[in-house]
Amino acid sequence: MGTTDDKESNEFPPEKRLEAPNTRLIKAGIATIPDMETLQECVAYENAHQNRTQIQRRLKWKAEELRENEE
């Protein structure tokens, strides 16, 4: 991990990414997840706090995208 990823993760913790005032901002928060570690933090946060099916589905799609990019 570079310092850019670490800095980005710290600036946008799961609560900022997933507790935005509208869905467009939540979608943007998910789209800008840089790595699997941040994604896992977001999934854990969502499961513990809101547990919204639509958001969980978007997080799953993001995981698939990140895995494809690793290959």
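Look up: the structure comes first, before these words.
How would you sum up helix H4 (residues 36–49)? Please name residues and give values.
A rise of 1.5 Å per residue sets the reference length of H4, with its 14 residues, at 20 Å; its end C-alpha atoms lie 20 Å apart and thus fit the reference within 8%. For H4, the complete set of buried residues consists of Thr38, Leu39, Cys42, Tyr45 and Glu46. Buried residues of H4 fall within an arc of 125° about the axis and therefore sit on the same side. The exposed set on the far side of H4, more than 90 degrees from its buried face, consists of Gln40 and Ala48. Capping of H4 at its N-terminal end is provided by Asp35; its side-chain oxygen lies 3.3 Å from the backbone amide nitrogen of Glu37. Residue Asn51 follows H4 closely and has a positive phi angle near 55°.

Please give an account of the pattern of salt bridges that cites residues and values.
All chains considered together, the criterion is met by two salt bridges. Notably, a salt bridge pairs Arg52 with Glu46, separated by 2.8 Å at the nearest N-O pair. With a relative accessible area of 25%, Arg52 lands in the partly exposed category.

Just give me the short version of the packing of helix H3 (residues 23–31) against helix H5 (residues 53–70), but keep the residues and values in it.
Between H3 and H5, whose axes approach to 10 Å, the crossing angle comes to 25°. By the criterion of interaxial angle, the relationship of H3 to H5 is roughly parallel. Our pair here, H3 against H5, has a crossing hand that is right-handed. Contacts between H3 and H5 involve Ile26, Lys27, Ile30 and Ala31 on the former and, on the latter, Ile55, Arg58, Leu59 and Lys62. In terms of residue class, the contact of H3 with H5 is made up of five nonpolar, no polar and three charged.

A description of unusual backbone geometry should follow, citing residues and the corresponding values.
Although it is not a glycine, Asn51 adopts a positive phi angle of roughly 55°. Mapped onto the elements of the fold, Asn51 is located in the loop between H4 and H5.

About the thresholds
- Residues numbered from 1 in each chain as written.
- Predicted model: local features only at pLDDT ≥ 70, side-chain atom pairs only at ≥ 80, totals over all residues.
- Heavy atoms only, no water.
- Helix = DSSP H or I, 4+ residues; strand = E, 2+ residues; numbered from the N terminus.
- Expected span 1.5 Å × (residues − 1).
- Buried < 20%, exposed > 50% of the residue type's maximum accessible area, 1.4 Å probe, protein only.
- Arc of directions from axis to C-beta.
- Polar contact = N/O pair within 3.5 Å; in protein donor to acceptor, adjacent residues only side chain to side chain.
- Salt bridge = Lys/Arg side-chain N within 4 Å of Asp/Glu carboxyl O.
- Axes fitted to C-alpha atoms, helices over the stretch in contact; angles between N-to-C directions.
- Parallel < 35°, antiparallel > 145°, perpendicular 65-115°, else oblique.
- Left-handed = near helix turned anticlockwise from the far one by under 90°.
- Contact = heavy atoms within 4.5 Å.
- Nonpolar A, V, L, I, M, F, W, Y, C, P; charged D, E, K, R; others polar.

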